[in-house]
2 protein chains.
Amino acid sequence: MACDSHAARRYNGVCCTPTVDGGPMKDTLSAVNCGNCSVRRLCLPADLSAEEIDRLEEITGKRRMLRAGETLYRAGDPFANLYAIRSGSFKSTVIATDGDTQVTHFALPGELLGLDAYSGRMHSTFAEALEDSSVCVLPFAQLESLAQEVPALQHQIYTIFSEELKKENEALLLLGKRSAETRMAALLINISSRYARRGYSATAFVLSMPRTDIANYLGLTAETVSRLLSKFQREKLIAVRGREVEILDLIALSELAGTHCSYEDAGG
Amino acid sequence: MACDSHAARRYNGVCCTPTVDGGPMKDTLSAVNCGNCSVRRLCLPADLSAEEIDRLEEITGKRRMLRAGETLYRAGDPFANLYAIRSGSFKSTVIATDGDTQVTHFALPGELLGLDAYSGRMHSTFAEALEDSSVCVLPFAQLESLAQEVPALQHQIYTIFSEELKKENEALLLLGKRSAETRMAALLINISSRYARRGYSATAFVLSMPRTDIANYLGLTAETVSRLLSKFQREKLIAVRGREVEILDLIALSELAGTHCSYEDAGG
DNA sequence: GTGGTGACTTGATATGCATCAAGAGCCCTC
DNA sequence: GAGGGCTCTTGATGCATATCAAGTCACCAC
């Protein structure tokens, strides 16, 4: 809660956190350097040797910077790259034939975007930056070839796929069986534990998404989300001020959520 | 609807369908033979050469037969194998810390079970046979080694992972945004298109799961599911008799579901 | 056949969350 | 620093679906 609200909304990688990058928005085409990336242990390089990381860096041609609200890819776009989030955050959405959309995922640094596009060679989801963000661009054809030669990399790709499936199962549990209150608590706990894993505070953070996105993700309305946050505040579980959240009673909130925040740590 | 109800409930691979196997329950330890398996084009062997399929068969040691209600694996079991469904059907469930369960998936022949267990080396879900079923046992360590040598196999594994992610996104859309009626219609269309892809009738089939499982999967109650099926019947969209379903107006039902049954064909 | 058990159906009532509506706070522009 | 437009909050009301409660049907054991 000590950070400047404006900067925090714009660039989570800068506020409340050990610095992730040198600075935002100026190295669009600079080479990727996994070695000094703060989220490397959550990302593809996890468990790779120094030499293997060098080979990985050779194929990850460049970074891309996105402003808040910019779209990384759209459903229907041809699939060419995976994107590893270096800083910032994204929302993934699917769109129904009637135009209805559903937020399926909030993605944080270290996570890979675009995995679902492999089959069919076409993106089936949208990815939009929630704040100013940067991603590493990973041409998948080259990544696939390299994985053929480097078992540790293939292993890590399987692991990431598998983690994603696990996370989606948890999301289904949340949407299928839980009350609005439980869902809201579970999201806060989830975000908290993911920030913690990235070296940020587990109890004070800035939500990078508007209430409408939270509501959509949780299968609720923005009004209900707002009421629940107010209720949690009245009950001294959290303190909220706009998008700034401080968790005052992590244990009680975890119990409300019905999880022990262990399932979801690898980022998602 | 012309099939014997008892047999159908017990062994979907026998009723309403081109025969999948020689016969149920007698070849527990026989070698896998992908070449004559009716779902090979939906399964790992898709796009593999004859020689590559031979190598795949070498590592898939055996089949396993399960009676209706038997459990293939439980959350917490160590991860050793993937399972390719040869005949029958399964439900996957996750269980919350408070004991609450959620059905996340109904799996049909050609689909792989256990993918989410790769990371963490432990199953995080339960898989239970909904009817008498058979699976091919795939020791994952060997599969992984083989994929390292056979690009087409690695490709297919990525494809299956990616398809699973896409399917889960669709499921999230269903649970997050849709009315009970839409969910029920979408499930019927989904099952219909999956049966069709496997050479079964798209309009007449036997649901292998009880109403409670359908309700749980859709985030509803069994009573609501029952009421909706009755309503669809009154509206001449379907005819229902117990678990036997005949779709009378596939187009109207698809419109209700808000999908064009294209997204989900690879089985899930 | 007869009785028991579990799956399913149908109806009456309750309730959690959506919807509708109004207003407050914050940020950006000029 | 005043005005406009978002985002967010809060309140009143309504409805979709859950819950509770019988009752029916099908299958299985004896």
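Quick caveat: nothing in here was measured; it's all calculated off a predicted structure. (Residues numbered from 1 in each chain as written. Chains lettered and ligands numbered in written order. Predicted model: local features only at pLDDT ≥ 70, side-chain atom pairs only at ≥ 80, totals over all residues.)

Draft legend 1. Structural context of the overall build of chain A. A tally of regular secondary structure across chain A gives 8 helices and 11 strands. A separation threshold of at least 6 residues defines the contact pool for chain A, and within that pool the share at least 24 residues apart is 73%. (Helix = DSSP H or I, 4+ residues; strand = E, 2+ residues; numbered from the N terminus. Contact = placed C-beta atoms within 7 Å.)

Draft legend 2. The relation of the copies chain A and chain B, seen in detail. Expressed as a screw transformation, the operator carrying chain A onto chain B has a rotation angle of 180° and an axial translation of 0.0 Å, and the superposed copies differ by an RMSD of 0.0 Å. As the rotation angle and translation indicate, the two copies are arranged about a two-fold axis. Relative to the rotation axis, the closest C-alpha in chain A is found at glutamine 148 of chain A, a distance of 2.7 Å. When the interface residues of chain A are mapped onto chain B, 97% of them are again interface residues, pointing to one common binding face. (Least-squares fit on C-alpha atoms with pLDDT ≥ 70 in both.)

Draft legend 3. The arrangement of the UniProt feature "domain: HTH crp-type" (unreviewed entry) in chain A in detail. Taking the numbering used here, the UniProt-annotated feature "domain: HTH crp-type" (unreviewed entry) corresponds to residues 178-251 of chain A. For residues 178-251 of chain A, the helix share is 55%, the strand share is 15%, and the end-to-end C-alpha distance is 19 Å. (UniProt positions renumbered as here; feature names shortened; annotations may be inferred.)

Draft legend 4. Structural detail: the protein's contact with DNA strand D. Taken together, 22 residues surround DNA strand D, and among them Pro210, Arg211, Ser226 and Ser230 of chain A together with Thr224 of chain B come closest. Only helix 6 (211-218) and helix 7 (222-234) of chain A together with helix 1 (5-10), helix 5 (180-197) and helix 7 (222-234) of chain B provide two or more residues apiece to the surface near DNA strand D. Element by element, the count of residues in the surface near DNA strand D is highest for helix 7 of chain A, at 6 residues. Here the residues of the surface near DNA strand D are counted per class, giving 6 nonpolar, 10 polar and 6 charged. (Near = placed C-beta within 6 Å. Nonpolar A, V, L, I, M, F, W, Y, C, P; charged D, E, K, R; others polar.)

Draft legend 5. Representation of the sheet that holds strand 11 (residues 244-247) of chain B. Residues and elements named next belong to chain B. Spatial strand order, 9-11-10: 3 strands in an open sheet with antiparallel pairing. The sheet terminates laterally at strand 9 (204-206) and strand 10 (238-241), the two strands that pair on one side only. With direction set aside, neighbouring strand axes in the sheet form an average angle of 15°. As paired elements, strand 9 and strand 11 share 3 bridges and run antiparallel to each other. (Pairing = 2+ DSSP bridges. Axes fitted to C-alpha atoms, helices over the stretch in contact; angles between N-to-C directions.)

Draft legend 6. View of the protein's contact with DNA strand C. Taken together, 22 residues surround DNA strand C, and among them Thr224 of chain A together with Pro210, Arg211, Ser226 and Ser230 of chain B come closest. With 6 residues, the top contributor of residues to the surface near DNA strand C is helix 7 of chain B. Looking at the surface near DNA strand C residue by residue, the class counts come to 6 nonpolar, 10 polar and 6 charged.

Draft legend 7. Structural view of unusual backbone geometry. Residues and elements named next belong to chain A. Positive phi outside glycine occurs at aspartate 47, with the angle close to 70°. Relative to the helices and strands, aspartate 47 resides in the loop between helix 1 (5-10) and helix 2 (50-59). When the 12 C-beta atoms within 10 Å are taken as the criterion, aspartate 47 is described as exposed. Unlike most non-glycine residues, lysine 236 shows phi in positive territory, near 65°. Here lysine 236 is to be found in the loop between helix 7 and strand 10 (238-241). C-beta crowding within 10 Å serves as the criterion here: with 10 such atoms nearby, lysine 236 is assigned to the exposed category. (Buried ≥ 20, exposed ≤ 12 C-beta atoms within 10 Å, placed from the backbone.)

Draft legend 8. Highlighting helix 6 (residues 211-218) of chain B. Residues and elements named next belong to chain B. Buried within helix 6 are the following residues: Ile214, Ala215, Asn216, Tyr217 and Leu218. Among the structural elements, strand 5 (101-107), helix 5 and helix 7 are those in contact with the buried residues of helix 6. Where helix 6 terminates, the next one or two residues include glycine 219, which has phi positive at roughly 70°.

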